[in-house]
Amino acid sequence: MLRLTAVICLALLSASALAADPAAWLLKPARVFDGVDPKPHEGWTVLVRGDKIEAVGPSVQTPADATVVDLAGKTVLPGLIEGHSHLFLHPYNETSWDDQVLHEPLALRTARATVAAKATLLAGFTTVRDLGTEGAGYADVGLKQAIEQGIIPGPRMLVATRALVATGAYGPKGFEANVAIPQGAEEADGANLVTAVRHQMGAGADVVKLYADYHWRPGEPSRPTFSEAEMRAAVEAAHSAGRTVAAHANTAEGMRRAILAGVDTIEHGGEGTAEVFKLMKEHGVCYCPTLAASDAVAHYKGWNGTEPAPSMVAEARKAFGLARAAGVNMCVGGDVGVFAHGENAREIELMVAAGMPAAQALVAATSGNARAFHVGDRFGSLTPGLLADVIAVEGDPTRDIHAVRAVQFVMKGGKVYAKP
Ligand SMILES: [Zn+2]
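All values reported here derive from a predicted model rather than from experimental measurement.

Could you clarify how one ought to interpret the overall build of the chain in this entry?
Broken down by element type, the chain carries twelve helices and 19 strands. Taking 420 residues into account, the globule formula puts the C-alpha radius of gyration at 22 Å, and the chain, at 21 Å, falls close to it. Overall, the chain is about 70 × 55 × 45 Å in size when its C-alpha atoms are taken along their principal axes. Going through the 420 residues of the chain one by one, you find that 55% of them count as buried. Residue pairs at least 24 apart in sequence account for 68% of intrachain contacts in the chain once pairs closer than 6 positions are excluded. Summing over all exposed atoms, the chain offers an accessible surface of approximately 17100 Å²; the carbon and sulfur share of this is 56%.

What should I look at first to understand the nonpolar core in this one?
One recurring pattern in soluble globular proteins is that nonpolar side chains are buried together. L210, I266 and M280 are the most contacted members of the largest nonpolar core, which totals 70 residues. The biggest single contributor to this core is helix 12 (residues 358-372), with seven residues. Not counting chain neighbours up to four residues away, the residues in contact with I266 comprise A247, A249, M255, A258, I259, M280, V285, C286, Y287 and C288. Residues V46, L382, F409 and V416 belong to the second largest nonpolar core, which totals 18 residues.

Would you mind showing me how to read helix 12 here?
Side chains three or four residues apart in an α-helix point the same way, a direct result of the helix having 3.6 residues per turn. Where helix 12 bends most, at A364, the angle is about 40 degrees. Positive phi appears at H374, one or two residues downstream of helix 12, with a value of about 60 degrees.

Even after reading the chapter, I still don't get the coordination of the zinc ion, so can you show me in this structure?
Under perfect tetrahedral coordination by four donors, a metal shows angles of 109.5 degrees; under perfect octahedral coordination by six donors, it shows angles of 90 or 180 degrees. Within the protein, H84 (NE2), H86 (NE2) and D335 (OD) serve as the donor atoms for the zinc ion, at 2.0 to 2.3 Å. Mapped onto the sequence, the donors of the zinc ion take the spacing H-x1-H-x248-D. With a gap of 251 residues between them, H84 in strand 6 (residues 80-85) and D335 in the loop between helix 10 (311-325) and helix 11 (345-353) connect regions that are remote in the sequence. Both residues of the pair, H84 and D335, count as buried.

Any chance you could explain the packing of helix 6 (residues 228-240) against helix 7 (residues 252-261) here in plain terms?
Helix packing for two helices is described by the angle between their axes and how far apart those axes are. In contact at an axis separation of 8 Å, helix 6 and helix 7 are set at 40 degrees when each is read in the N-to-C sense. Classed by the angle they form, the pair helix 6 and helix 7 counts as oblique. Where helix 6 crosses over helix 7, the handedness of that crossing is right-handed. Side by side, helix 6 and helix 7 meet where E228, M231, R232 and V235 of the first sit next to G254, R256, R257, A258, L260 and A261 of the second. Class assignment for the residues of the contact of helix 6 with helix 7 results in five nonpolar, one polar and four charged.

Can you help me understand the layout of surface pockets in this one?
Where empty space is left becomes clear once a probe the size of a water molecule has been rolled over the atoms. Size it by volume and the largest pocket reaches roughly 1200 Å³. For the lining of the largest pocket, the secondary structure elements donating two or more residues are helix 2 (97-103), strand 11 (207-211), strand 12 (213-215), helix 9 (291-300) and helix 10. Among the residues forming the lining of the largest pocket, the class breakdown is 16 nonpolar, 13 polar and ten charged.

What counts as what
- Residues numbered from 1 in each chain as written.
- Predicted model: local features only at pLDDT ≥ 70, side-chain atom pairs only at ≥ 80, totals over all residues.
- Heavy atoms only, no water.
- Helix = DSSP H or I, 4+ residues; strand = E, 2+ residues; numbered from the N terminus.
- Rg over C-alpha atoms; globule rule 2.2 N^0.38 Å.
- Buried < 20%, exposed > 50% of the residue type's maximum accessible area, 1.4 Å probe, protein only.
- Contact = heavy atoms within 4.5 Å.
- Areas by Shrake-Rupley, 256 points an atom, 1.4 Å probe, with all protein chains shown as cover.
- Core = buried A, V, L, I, M, F, W, Y, C linked by side-chain atoms within 4.5 Å.
- Bend = angle between axes of the 7 residues up to and from the residue.
- Donors = N, O, S within 2.8 Å, 3.2 Å for Na, K, Ca; no water.
- Axes fitted to C-alpha atoms, helices over the stretch in contact; angles between N-to-C directions.
- Parallel < 35°, antiparallel > 145°, perpendicular 65-115°, else oblique.
- Left-handed = near helix turned anticlockwise from the far one by under 90°.
- Nonpolar A, V, L, I, M, F, W, Y, C, P; charged D, E, K, R; others polar.
- 1 Å grid on protein atoms, 1.4 Å probe; cavity = no way out; pocket = protein on both sides within 12 Å on 5 of 7 lines; lining within 4 Å.
- Points joined across faces, edges and corners; volume = space filled by probe spheres on them.

Printed below as a string of structure tokens:
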């Protein structure tokens, strides 16, 4: 009890410290990358007032009430957006996914998620699209509220709650069939799928996550799960409520059904063909290649990073290349949780290593993700009137992408969380 009281006092202290932030900030970096223009602007400054960006440009006046932040040598850019996180998972080389879902108490998972949220924010990722709690129920909705209420530091969250899988398709599996095993997502099919979508939205889901394919039995390759008609009905229910839909799909057929059903983004897509990516382009579906997840799992299986890369890494790179060749809009999301929270920049680095120009990857990780997730009118670029989600990194990440890891300054909604 005593310990709990102490924690609450600390939280209140930090919340009141945040409330004491000045009314206006003038950020003076070496250059500004606005999230839209791939070219950084030397000598620009950014003026923030309250929770919004007030002005950006070469000759912004310093108001008398503004606190000037000297960011010499640094690049200011919009807060990065993580397109595919699982704050309720931690790296599989620490604990297997099965053991996290089956053996870790919800309170343990939630406590760990608060630490993951802080690490994410301090890595410069001011927003996450968290694509499923993987067995932790609706705890993402509560975590999001704790961040919004200033109880703990963390990114803005777009949450998917439990996510949706076809009956029998997901895991953990491989147990006696007569025993009910807790699952990493909610099972629903047919008309019940629409009911489950609506229930999840009512309980807090900002985005609906569907598994279009999965391994039906352990060791078996991925095969389609939902029919196109099932997914179309789910998408219709989600869209009519103003929510977007993300589809986990690895197989070409799972991807094809998800595209035709009208989903907004496709996650993974390792077996995507040129034909399927062409279809994605035609239907305006964004692609989230999760290169960092394949890379991490390959390392857990013993890969030391030398070429030739193992097949799962080569497959992910190949799909990424096909998608780029087809002109598909890219989401940036690493499936972080499979690897450590705070290492989110890994996905951006791997996209660049696989051939995407650094500036393009940074546009994708800011205004691109914001547009794909239908939040670009609120944040994602350094545009007057938008929420002041702003970071600064040492050096120029458009010249050397690894600079995105050298985060020196983090502001979310006009509140400063890290400062040089
Ligand atoms: Zn995932």
